[in-house]
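Below are the chains, spelled out letter by letter.
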Amino acid sequence: MSVDFEKFFPHHDLLIEIGRIEMAMETLEDRAENERAMLKPRLESRMVRLRTALKSLPA
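For the structure given in this document, a descriptive report is provided here. Being a predicted model, the structure only gives us computed values, none of them experimental.

Here we look at the overall build of the protein
From N to C terminus, the protein includes two helices and zero strands. Here the protein holds 59 residues, and the buried ones make up 14% of them. Long-range pairs, those at least 24 residues apart, make up 63% of the contacts in the protein between residues at least 6 apart in sequence. Total accessible area on the protein stands at roughly 5,100 Å², and carbon and sulfur atoms take up 57% of it.

Re the packing of helix α1 (residues 9-26) against helix α2 (residues 33-56)
The contact between α1 and α2 brings their axes to 10 Å, and the two run at 160 degrees. Here α1 is positioned roughly antiparallel relative to α2, judged by the angle of their axes. Remark: the crossing between α1 and α2 carries left-handed chirality. Contact residues: His11, Leu14, Leu15, Glu17, Ile18, Ile21, Glu22, Ala24 and Met25 in α1; Leu43, Glu44, Arg46, Met47, Leu50, Arg51, Ala53 and Leu54 in α2.

Some points on the pattern of salt bridges
Going through the model one piece at a time under the given rule, you end up with six salt bridges. Among the salt bridges present, the one from arginine 46 reaches glutamate 17, with a minimum N-O distance of 3.9 Å. Pair noted here: arginine 46 is in helix α2 and glutamate 17 is in helix α1, with a separation of 29 residues, a long-range link. Between glutamate 33 and arginine 36 there is a salt bridge, with its nearest N and O atoms 2.4 Å apart. Of this pair, glutamate 33 and arginine 36 are both found in helix α2, three residues apart, which corresponds to roughly one turn of the helix.

Overview of the environment of leucine 57
With respect to the secondary-structure elements, leucine 57 resides in the segment after α2. Once the C-alpha coordinates of leucine 57 and proline 10 are considered, the two residues, 47 residues apart in sequence, prove to be 8.2 Å apart. When near neighbours in sequence (up to four residues on either side) are disregarded, leucine 57 contacts Pro10, His11 and Leu14.

Conventions and cut-offs
- Each chain has its residues counted from 1, following the order in which its sequence is written.
- Under the rules for a predicted model, residues below a pLDDT of 70 receive no local features and side-chain atom pairs below 80 are neither given nor counted, while totals for whole chains, interfaces and linings still include all residues.
- To obtain the side-chain values, all non-hydrogen atoms of the structure were included, while hydrogens and water were left out.
- Helix numbers and strand numbers start at the N terminus; a helix is a DSSP run of H or I with at least 4 residues, a strand a run of E with at least 2.
- Categorising residues by exposure relies on relative accessible area from a 1.4 Å probe, with only protein chains included: less than 20% of the type maximum marks a residue as buried, more than 50% marks it as exposed, and the intermediate range marks it as partly exposed.
- When checking whether two residues touch, look at their non-hydrogen atoms; a contact exists if any pair is within 4.5 Å.
- The Shrake-Rupley method, run with a 1.4 Å probe, gives the accessible areas here. Residue values count only the displayed protein chains as cover.
- Fitting a line to C-alpha atoms yields each axis, with helices limited to the stretch in contact; the angle taken between N-to-C directions then spans 0 to 180 degrees.
- The cut-offs work like this: below 35 degrees is roughly parallel, past 145 is roughly antiparallel, 65 to 115 is roughly perpendicular, and the gaps in between are oblique.
- Throughout, a crossing is termed right-handed when the near helix is turned clockwise from the far one, and left-handed when it is turned anticlockwise from it by less than a right angle.
- Each reported salt bridge corresponds to a side-chain nitrogen of Lys or Arg within 4 Å of a carboxyl oxygen of Asp or Glu.

Read these as spatial facts, not as claims about activity.
Here it is in structure tokens:
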């Protein structure tokens, strides 16, 4: 019996990156207003792309 773990790597990598983005968003309030205004849309956009990629992976 052989399990192909390579098909699980993209899923795992996406979950890790989503967690990093979530952590970055949680710490936005510690930043200056101009930094928040610049970073928040970029983080939200990245989150949408990651979640879309995660949904497109085979189950």
